[in-house]
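Observations on chain architecture
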Amino acid sequence: QVQLVESGGGLVQAGGSLRLSCAASGRTFRSYAMGWFRQAPGKERAFVATSWSGGTTYYADSVKGRFTISRDNAKNTVYLQMNSLKPEDTAVYYCAADRSLVINDPTKYNYWGQGTQVTVSS
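Residues numbered from 1 in each chain as written. Predicted model: local features only at pLDDT ≥ 70, side-chain atom pairs only at ≥ 80, totals over all residues. Heavy atoms only, no water.

**Regarding the overall build of the protein chain**
- Assigned secondary structure in the protein chain consists of zero helices and eleven strands.
- Reading the protein chain from its N terminus to its C terminus gives the helix and strand order β-β-β-β-β-β-β-β-β-β-β.
- The C-alpha radius of gyration of the protein chain comes to 13 Å, within 12% of the 14 Å expected for a compact globule of 122 residues.
- In terms of its C-alpha atoms, the protein chain occupies a principal-axis envelope of roughly 40 × 25 × 25 Å.
- Here the protein chain holds 122 residues, and the buried ones make up 44% of them.
- Across the protein chain, every contact between residues at least 6 apart in sequence was considered, and the portion connecting residues at least 24 apart equals 58%. (Helix = DSSP H or I, 4+ residues; strand = E, 2+ residues; numbered from the N terminus. Rg over C-alpha atoms; globule rule 2.2 N^0.38 Å. Buried < 20%, exposed > 50% of the residue type's maximum accessible area, 1.4 Å probe, protein only. Contact = heavy atoms within 4.5 Å.)

Written as structure tokens, this is what we have:
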């Protein structure tokens, strides 16, 4: 069983930056695929980025060049550095984990955090 706890959300002006953190329980964190998703009001949960244990990363086209996913296996933590934020980035951001090589399908992830709100003002 894996438990995930996100932090770092908040209110920021357009063009600003935020760094989200997701702390995971369990000793096998390093073997898990870790993903970030977001859900805006009235919209479906959308893929943002994924980090595989071997270092491979994937990004949604909408965040490429602005967001960076990274992980610290010693701290059982995955991060999402968000730069050049836009109002359309406003959403609840969720951390997700799975033991398989999942990428952007939220139904393939078995473990989820509670979410953290990110609001970008124009």
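**Section: the nonpolar core**
- If you look at the biggest cluster of nonpolar residues, it comprises 36 residues, and the most contacted ones within it are Leu4, Met34, Trp36, Leu80, Met82 and Tyr93.
- At the level of secondary structure, the elements contributing two or more residues to this core comprise strand S3 (18–24), strand S4 (33–39), strand S5 (46–51), strand S7 (67–72), strand S8 (77–82), strand S9 (91–98) and strand S11 (116–121).
- Tallying contributions element by element places S9 first for this core, with five residues. (Core = buried A, V, L, I, M, F, W, Y, C linked by side-chain atoms within 4.5 Å.)

**Regarding the state of the cysteines**
- Overall, the coordinates contain one disulfide when judged by the stated rule.
- A disulfide bridge connects Cys22 with Cys95, and the sulfur atoms are separated by 2.1 Å. Disulfide Cys22-Cys95: the torsion about the S-S bond is -80°, which places it as left-handed. On the criterion of sequence distance, the pair formed by Cys22 in strand S3 and Cys95 in strand S9 is long-range, its members being 73 residues apart. Note on accessibility: Cys22 and Cys95 belong to one class, buried. (Disulfide = S-S within 2.5 Å.)

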